[in-house]
Amino acid sequence: MTDQDIQQIDKYLNGELSAKDSATFELRLKQEDNLAKEFKLQREIKAHFQNELVETEHFEESNYSKELRDFYNTDEAKQFKKKIAERHHNFVGNEKQTQPKSRNYLLIAAAITVLIISTLFIFNTQDKNPTQLYVEYYTAEDLPSLVQRGDNQDNLVKGTIAFKEGDFIKAETLLKSYIETTDSPSMNAFLYLGMVKAELGNYDSAMLNFDKVLTSNSLDASKGLWFKALTLLKKADIVEAKEVLKVILKDENNFNYEKAKELLKAL
Amino acid sequence: MKKITNHPQIQQLLDGEQQVFELLYNSILPKVTAFVKNNRGQQEDADEVFQKALFQLIARAKIKGVQINSAFEAYVFTVCKNLWRKELNNRKREVRNETIMELKGAEDEFVTEILSQERWELFQEKILELSENCRALLKDYFSKVSYKVIIEKFNYSSENVAFQRIFKCKKKLTSLITSDSRYKDLTSL
């Protein structure tokens, strides 16, 4: 593949070739396998950057595709499929029974979510379930960004990075190791560890970590309250979440005071 | 085939743990539904795409493991988005009737969907391996930002310099993709 060929592919994809040159290029695409392959790849790269999906309809058969086919036909795969359908029915079906209007308000909630994402404004969030509110109010930006200031902080910084990358198990190990090996560990470590525990569904332990933040002398101590409230939302414990939000509202200097007000109203 | 360690939530999915299904249904399905409905789909489409995504993840985890480089929620959402885009492409093709539609069996569809997703992930990973400068440059280039703006933004001395740089970045990306050992399993015909 010459550089000229690649440039020609680009021009064709950008619609920069004359009708005559386009026709010649299309003919070449039919005749030259390598050019056609390169063309497909370049088209796919372009689509990827444009958030589109150029579909590959046919893949060469490989050992991997054979393994996939074999798996598809096993009883185990059929069982998994059946279980997924059952779970789906249970979740979506239960929602219908217990919350008759849920379909409608899911639609509304979805529309609102899109609006919020595109405008970054917070709208009235009434009629949303706690998990939806959690998703809406939790932002990793409320967690401090840490930079390394010494070797002993290595695991702390690495732990926060692992958390942001969604590797909660690794984050947990690193943060714990930092806390255990440091004389007076940063409160941020407990904040992150709390969120790690919440993400892993270990809510009680999450609460203990936030309590440590809350009872510290740190300037950010009130962050502990905010993340406690969020964790309770995630756990769908509305009663407790409200209580914590009320505590935040006792002092205007508390972290996310305004957001807490909104959230309490939405609950 | 070497098995990659599964993400803890993928493992929970394999084990059928309630906790992960609560996360999936309470926080991810609403997002998927919103996306599908905003892109010419119905509730039923979202339900189908979601179940397909879960089955796909299980199958991949069983065969060679799934490696996730982002948050689990974001990852599942991406898989669903790609499945829905693929479905929309299929529908468009049917409407245009451009090619003779082959009747594809469910098994073929399942295999193609997984390979497409893994190909998409490979592209994504390789884009992240580029230098920050290359990534930003290609992003602007494919978003059709004019050369004039690119020259100013990236401090290039001329249009030709910008053109050469874009060309080099694209070549680098192509080579990163095609030289990865996974690429041979994900090659299109």
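The residue numbering used here restarts from 1 in each chain and proceeds along that chain's sequence as written. Here every chain gets a letter starting at A, and every ligand a number starting at 1, in the order they are written. Totals for whole chains, interfaces and linings use every residue, but because this is a predicted model, local features are given only for residues with pLDDT of at least 70 and side-chain atom pairs only at 80 or more, for both listing and counting. Excluded from the side-chain calculation are hydrogens and water; included are all heavy atoms of the structure.

**Some words on the state of the cysteines**
Residues and elements named next belong to chain B. Cysteine sulfurs are considered disulfide-paired once they come within 2.5 Å of each other. This model, assessed by the stated rule, comprises 1 disulfide over all chains. Between the sulfur of Cys134 and that of Cys169 lies a disulfide, 2.0 Å long from S to S. Taking the torsion about the S-S bond as the criterion, the Cys134 to Cys169 disulfide, at about -85°, is left-handed. Note that Cys134 is positioned in helix α6 (residues 132-142) and Cys169 in helix α8 (residues 159-178), a separation of 35 residues in sequence. Residue Cys134 shares its accessibility class with Cys169, and that shared class is buried. Strands are runs of DSSP state E lasting at least 2 residues, helices are runs of H or I lasting at least 4, and numbering of each runs from the N terminus. A 1.4 Å probe rolled over the protein chains alone gives each residue an accessible area, and that area as a share of the maximum for its type sets the label: buried under 20%, exposed over 50%, partly exposed in between.

**Details of the packing of aromatic side chains**
Stacked, tilted and edge-to-face are the three classes assigned to paired rings of Phe, Tyr and Trp, where Trp is represented by its six-membered ring and a pair needs centres within 6.5 Å; plane angles under 30 degrees give stacked, over 60 edge-to-face, the rest tilted. This structure, assessed with the given rule, holds 18 aromatic pairs over all chains. Geometrically, the ring pair formed by Tyr72 of chain A and Phe110 of chain B is tilted, given 4.8 Å between the ring centres and 40° between the ring planes. Note that Tyr72 of chain A is positioned in helix α4 (residues 63-72) and Phe110 of chain B in helix α5 (residues 106-129), a pairing that runs across two chains. When sorted by exposure, Tyr72 of chain A lands in the same class as Phe110 of chain B, which is buried. Taking 5.1 Å as the distance between ring centres and 65° as the angle between the ring planes, the aromatic pair formed by Tyr141 of chain B and Phe142 of chain B counts as edge-to-face. An aromatic cluster is present here, built from Phe71 and Tyr72 of chain A together with Phe55 and Phe110 of chain B joined pairwise through their rings. Distance and angle both matter: a charge sits over a ring if NZ of Lys or CZ of Arg is within 6 Å of the ring centre and within 35 degrees of the ring normal. Positioned above the aromatic ring of Phe55 of chain B is the side chain of Lys81 of chain A, whose terminal nitrogen or guanidinium carbon lies 5.2 Å from the ring centre. Across from the ring centre of Phe255 of chain A, 4.9 Å away, lies the NZ or CZ of Lys223 of chain A, which sits over that ring.

**Focus on the confidence of the model for chain B**
Note on scores: pLDDT gives the predictor's confidence for each residue, bounded by 0 and 100. Chain-level statistics for chain B give a pLDDT mean of 89 and a share of 91% at 70 or above. Here the predicted complex carries an ipTM of 0.87, next to a pTM of 0.60.

**Here's the deal with the interface of chain A and chain B**
Only heavy atoms enter the contact rule, under which two residues are in contact if any of them lie within 4.5 Å. The interface is formed by 59 residues belonging to chain A together with 80 residues belonging to chain B. A quick way to say it: buried area is the sum, across both parts, of accessible area lost when two parts are put together, with a 1.4 Å probe. Counting each side, the surface lost to burial between chain A and chain B is near 6600 Å², with a carbon and sulfur contribution of 63%. Interface area lost by chain A to chain B is led by Phe49, Phe59 and Tyr64 of chain A, which between them contribute 12%. Any pair of nitrogen or oxygen atoms within 3.5 Å is treated as a polar contact; in protein, a donor-acceptor pairing is required on top of that, and neighbouring residues in sequence qualify only through side-chain atoms on both sides. One can count 19 residue pairs in polar contact (both at pLDDT 80 or more) joining chain A with chain B. Among the elements of the structure, α1 (3-13), α3 (33-49), α4, α5 (75-98), α6 (102-119), α7 (130-137) and α9 (168-181) of chain A are those that each provide at least two residues to the side of chain A that touches chain B. The residue classification treats Ala, Val, Leu, Ile, Met, Phe, Trp, Tyr, Cys and Pro as nonpolar and Asp, Glu, Lys and Arg as charged. All others, Gly included, are polar. Tallied by class, residues from the side of chain A that touches chain B come to 24 nonpolar, 16 polar and 19 charged.

**Overview of the nonpolar core**
Here the nonpolar core consists of buried residues drawn from Ala, Val, Leu, Ile, Met, Phe, Trp, Tyr and Cys, with membership extended through side-chain atoms lying within 4.5 Å. Formed by 73 residues in total, the largest nonpolar core has its most connected members in Leu24, Tyr25, Phe50, Phe72 and Phe110 of chain B. Here this core takes 11 residues from helix α3 (residues 43-63) of chain B, the largest share from any one element. The contact partners of Phe50 of chain B, leaving out residues within four places of it in the chain, are His88 of chain A together with Leu24, Tyr25, Ile28, Leu29, Val32, Val76 and Cys80 of chain B. Judged by nonpolar contacts, the second largest core, of 42 residues, contains Val196, Leu200, Val213 and Leu225 of chain A.

**Considerations on unusual backbone geometry**
Located in the positive-phi region is Asn256 of chain A, a residue other than glycine, with phi close to 55°. Mapped onto the fold, Asn256 of chain A is located in the loop between α13 (238-248) and α14 (257-266). In this structure Asn256 of chain A comes out as buried when scored by relative accessible area, which is 17%. Its identity is not glycine, yet Arg40 of chain B carries a phi of approximately 65°, on the positive side. Structurally, the position occupied by Arg40 of chain B is in the loop between α2 (18-38) and α3. With a relative accessible area of 62%, Arg40 of chain B lands in the exposed category.

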